[in-house]
Amino acid sequence: YAQAYAIVLALCEDGATKAAIEQALEGNPALSNPKQVFPSYFISKLETVDGISWDGAWRTTEAGQRMRALLA
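It should be emphasised that the depicted structure is a prediction, and the values quoted were computed from it without experimental measurement.

### Regarding the packing of helix 1 (residues 2–11) against helix 3 (residues 39–48)
For any two helices packed against each other, one specifies the inter-axial angle together with the distance between the axes.
Then step 1. Their axes nearest at 10 Å, the elements helix 1 and helix 3 cross at an angle of 75 degrees. Our classification of the angle between helix 1 and helix 3 gives roughly perpendicular. The residues of helix 3 that touch helix 1, namely those facing Ala4, Tyr5, Val8 and Leu9, are Tyr41, Phe42, Lys45 and Leu46.

In structure tokens form, the structure reads like this:
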């Protein structure tokens, strides 16, 4: 899932809606392999570990920026 997390973290740098995240992940193999998941899965997981937070849009946190650097 590393690529999908990296996409979400990058997109949220300037703020992103759930719809924008869903569009960015559309067709991504991570949504179907190894099991079917939805874009909200990545939002939820990143929010749980403080990688992104909501303030009118999903935004990458400082911790998320560090995560993104590790995924690069």
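From this point, things continue past the structure.
### Description of the packing of aromatic side chains
Then step 1. Scanning the model with the defined rule gives five aromatic pairs in all.
Then step 2. Aromatic side chains Tyr1 and Phe42 sit 5.3 Å apart centroid to centroid with 90 degrees between the ring planes, which places their arrangement in the edge-to-face category. Highlighted residues: Tyr1 in the segment before helix 1 and Phe42 in helix 3, separated in sequence by 41 residues.
Then step 3. Under the relative-accessibility criterion, Phe42 is labelled buried at 0%.

### Things to note about the environment of Pro39
Then step 1. You can see Pro39 is positioned in helix 3.
Then step 2. The spatial distance from the C-alpha of Pro39 to the C-alpha of Glu26 is 8.4 Å, given a sequence separation of 13 residues.
Then step 3. For Pro39, the residues in contact, after removing those within four places along its chain, are Glu22, Leu25 and Leu31.

### Describing unusual backbone geometry
Note: most peptide bonds trans; most residues except glycine with negative phi.
Then step 1. For the peptide bond that leads from Asn33 to Pro34, omega is 15 degrees, which places it in the cis range.
Then step 2. Summarising the element assignment, Pro34 is placed in the loop between helix 2 (18–25) and helix 3.

About the criteria used
- Residues numbered from 1 in each chain as written.
- Predicted model: local features only at pLDDT ≥ 70, side-chain atom pairs only at ≥ 80, totals over all residues.
- Heavy atoms only, no water.
- Axes fitted to C-alpha atoms, helices over the stretch in contact; angles between N-to-C directions.
- Helix = DSSP H or I, 4+ residues; strand = E, 2+ residues; numbered from the N terminus.
- Parallel < 35°, antiparallel > 145°, perpendicular 65-115°, else oblique.
- Contact = heavy atoms within 4.5 Å.
- Phe/Tyr/Trp six-rings, centres within 6.5 Å; stacked < 30°, edge-to-face > 60°.
- Buried < 20%, exposed > 50% of the residue type's maximum accessible area, 1.4 Å probe, protein only.

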